[in-house]
Amino acid sequence: MAEGTTSKRVRKSPEKRRAEVLDAAVQLISERGYNGVSIQDVADRVGISKQGVLRYVENKDNMLAMVFNEYYATTGTPEDFFSSGMPGSDSAAPHFPAYLRYLVRHNSRRRMMVQLFTVLSAESLNPGHPLHDEFAERMDSIWNHYSMYPWMVPPQLGSWEAGMRPVVRKSMEIMDGIQLWWLREPEIDLYAEWAEMENILFPAPLWDAYR
């Protein structure tokens, strides 16, 4: 270094620093669970002070809510599917099995997010967990959310409201189970496993024109 010069610390924008904090929180929670992570752990991972982390997340519970709502729950949505141009993605007459295939393919590319969800799902069995109510009400929330869209269903089922709630519940339960297996056995093809389950959930010939 030339005489008379000093090194300058690079100052990152609040937006970039906030993203680093949440990225670190995602990584740590997916590895250790919410109960195994402290604000100090996040600070150490990012390389800033504990107070620096709290400036962006306020407290540990709020950090978890930010991670879950901003990272996990904002992608892979029906709206994303409708804009994908994939078969069955016409927003005026979408096909629910096609959306689930899209979602599984999407999840296969975000392993850490799936692990985050799975770890939090298990932890939330504890009534004192910050996401206990969120996961306890998950199936109702999923049903209510998906019911906002005009999915096409076989006329033999009557209507989405009349015939699809058990199918939606089983789809989510099976998807969760396959994803857990996939996390344990990385060589498993998540999409191929789902394709086999799809034939059970949406059997031919009933669903042939609605996949």
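Procedures and definitions
Residues numbered from 1 in each chain as written. Predicted model: local features only at pLDDT ≥ 70, side-chain atom pairs only at ≥ 80, totals over all residues. Heavy atoms only, no water. Helix = DSSP H or I, 4+ residues; strand = E, 2+ residues; numbered from the N terminus. Expected span 1.5 Å × (residues − 1). Buried < 20%, exposed > 50% of the residue type's maximum accessible area, 1.4 Å probe, protein only. Arc of directions from axis to C-beta. Contact = heavy atoms within 4.5 Å. Phe/Tyr/Trp six-rings, centres within 6.5 Å; stacked < 30°, edge-to-face > 60°. Core = buried A, V, L, I, M, F, W, Y, C linked by side-chain atoms within 4.5 Å. Salt bridge = Lys/Arg side-chain N within 4 Å of Asp/Glu carboxyl O. Axes fitted to C-alpha atoms, helices over the stretch in contact; angles between N-to-C directions. Parallel < 35°, antiparallel > 145°, perpendicular 65-115°, else oblique. Left-handed = near helix turned anticlockwise from the far one by under 90°.

Here helix α11 (residues 165-184) spans 29 Å end to end across 20 residues, near enough to the 28 Å set by a 1.5 Å rise per residue. Of the positions making up α11, those classed as buried are Val 167, Val 168, Ser 171, Met 172, Met 175, Ile 178, Gln 179, Trp 182 and Leu 183. Around the axis of α11, the buried residues are gathered within 135° of arc, so they sit on the same side. Buried residues in α11 make contact with α6 (96-108), α7 (111-123), α9 (138-146), α10 (160-163) and α12 (190-201).

Turning next to the packing of aromatic side chains. If you walk through the whole model with that rule in mind, you get 20 aromatic pairs. Note on Phe 96 and Phe 202: the rings are 6.4 Å apart at their centroids and 70° apart in plane angle, and the pair reads as edge-to-face. Of the two residues, Phe 96 sits in helix α6 while Phe 202 sits in the segment after α12, which places them 106 residues apart along the sequence. Judged by its relative accessible area of 0%, Phe 96 is buried. Between the aromatic rings of Trp 143 and Trp 160, the centroid separation amounts to 5.3 Å while the plane-to-plane angle is 0°, which identifies the pairing as stacked. Taken together, the residues Trp 143 in helix α9 and Trp 160 in helix α10 connect sequence positions 17 residues apart. Like Trp 143, the residue Trp 160 is buried in the burial classification. Each member of the aromatic cluster is reached from another via a ring pair, and the members are Phe 81, Phe 82, Phe 96, Tyr 99, Tyr 102, Trp 143, Tyr 146, Tyr 149, Trp 151, Trp 160, Phe 202 and Trp 207.

Taking 1.5 Å per residue as the helical rise, α6 with its 13 residues ought to reach 18 Å, and the 18 Å between its terminal C-alpha atoms agrees with that figure. Counting buried positions along α6 yields 10 of 13 residues, so the element is predominantly enclosed. Buried residues in α6 make contact with α5 (78-82), α7, α9, α10, α11 and α12.

Counting 32 residues, the largest nonpolar core has Phe 96, Tyr 99, Tyr 146, Trp 151, Trp 160 and Met 164 as its most contacted members. Leaving out residues up to four positions away in the same chain, Phe 96 has contacts with Tyr 146, Trp 151, Trp 160, Met 164, Val 168 and Phe 202. Core analysis: the next-biggest nonpolar cluster, separate from the first, contains 29 residues, Val 67, Leu 116, Leu 120 and Leu 131 among them.

Inspection of every chain in the model, using the stated rule, returns 10 salt bridges. Arg 101 is paired through a salt bridge with Glu 198; the nearest N and O atoms lie 2.8 Å apart. In this pair, Arg 101 sits in helix α6 while Glu 198 sits in helix α12, placing the two residues 97 residues apart along the sequence. Between Asp 208 and Arg 211 there is a salt bridge; the shortest N-O distance is 4.0 Å. Taken together, the shared-partner salt bridges connect Arg 101, Glu 198, Asp 208 and Arg 211 into one network.

Turning to the packing of helix α1 (residues 14-32) against α7, a few remarks are in order. Axis angle and axis distance: for two packed helices, these are the angle between their axes and the distance between the axes, and together they describe the pair. It is the contact of α1 with α7, at a shortest axis distance of 8 Å, that shows an interaxial angle of 55°. With respect to their mutual orientation, α1 and α7 come out oblique. As α1 runs across α7, the sense of the crossing is left-handed. Each of Val 26, Gln 27, Ile 29, Ser 30, Glu 31 and Arg 32 in α1 lies in contact with α7, whose residues at this interface are Met 112, Met 113, Gln 115, Leu 116, Val 119, Leu 120 and Glu 123.

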